[in-house]
Each structure stands twice: as C-alpha cells, then as structure tokens.
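Listed below are the residues making up each chain.
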Amino acid sequence: PEDLFVASISACLCLTFHEFAKKARLDIVDYSCRAIGRLEGDGVSQRFTRVDLYPKIKVRGSAESVEQILMQAKLRCLVGRSSDVIAVLHPKIEEAPLQEI
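One structure accompanies this document, and this report is about it. (Residues numbered from 1 in each chain as written. Predicted model: local features only at pLDDT ≥ 70, side-chain atom pairs only at ≥ 80, totals over all residues. Heavy atoms only, no water.)

What to know about the environment of Val29
With respect to the element layout, Val29 can be found in strand E1 (residues 27-41). Given the relative accessible area of 35%, Val29 is considered partly exposed. Distance from Val29 to Leu13, taken between C-alpha atoms, is 17 Å for residues 16 residues apart in sequence. With residues near it in sequence (within four places) discarded, Val29 still touches Lys58, Val59, Arg60 and Ala96. (Helix = DSSP H or I, 4+ residues; strand = E, 2+ residues; numbered from the N terminus. Buried < 20%, exposed > 50% of the residue type's maximum accessible area, 1.4 Å probe, protein only. Contact = heavy atoms within 4.5 Å.)

Some thoughts on helix H1 (residues 2-23)
The end-to-end C-alpha distance of H1 is 32 Å, a good match for the 32 Å that 22 residues give at a rise of 1.5 Å each. By the burial criterion, the buried members of H1 are Val6, Ile9, Ser10, Cys12, Leu13, Cys14, Thr16, Phe17, Phe20 and Ala21. In this structure, the buried residues of H1 make contact with E1, strand E2 (46-60), helix H2 (63-76), helix H3 (78-81) and strand E3 (86-89). Directly after H1, the chain includes Arg25, whose backbone phi takes a positive value near 60 degrees. (Expected span 1.5 Å × (residues − 1).)

A look at unusual backbone geometry
Positioned with a positive phi, Arg25 is a non-glycine residue whose angle comes to about 60 degrees. For Arg25, the position within the fold is in the loop between H1 and E1.

See below:
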C-alpha cells in the first residue's frame, strides 16, 4: 500500500499537468516521473512526511511555461492536497527541436 500511496501522488501530478498543458496548447513529447516517499516514525508507528517528485518532461516550446504549468498542477493535484504530506518538485525540463514541415 505504501507504494500505491506515493504512486497516486505522482499519477495525480501527471494527469493534472497533462490537463493544464493541453489547455495551454503545449506540445508535450515525453513525460515520466520518479517519486520517492519519506517515512518517519516515533518508534511506535510510521507516516509519510514528504514525497519527492522528479518529473522529466520533454516539450516542443518554452520550458519556462512548462515549469509554471507544473507548479500549477502541483497546487491543484487532488491527491496531494488531500494529504498532510509535503510534495517537493525536482523537475527536469528539456526542449525538443521543432519538427520541420
């Protein structure tokens, strides 16, 4: 279940990002995201305190607008907002060459 919790935050970020990118008419070439959850305990029980998200995004267009949309997606991600866990983004954004016609 722990894997699924961390994966759900990552998947929610992905889906929310793609929706915002679509509305902004961004051409997303590739998207992948590694997610690492941090557990902390008091000797009796453990809980997630942080999830580090490492999205790798390749886009045709402005990398700057991608980062803004990614931050917007993080703020609007339903799963992330519904938990007490801090989600920290470590994005790697790459601009793909424009295709010639």
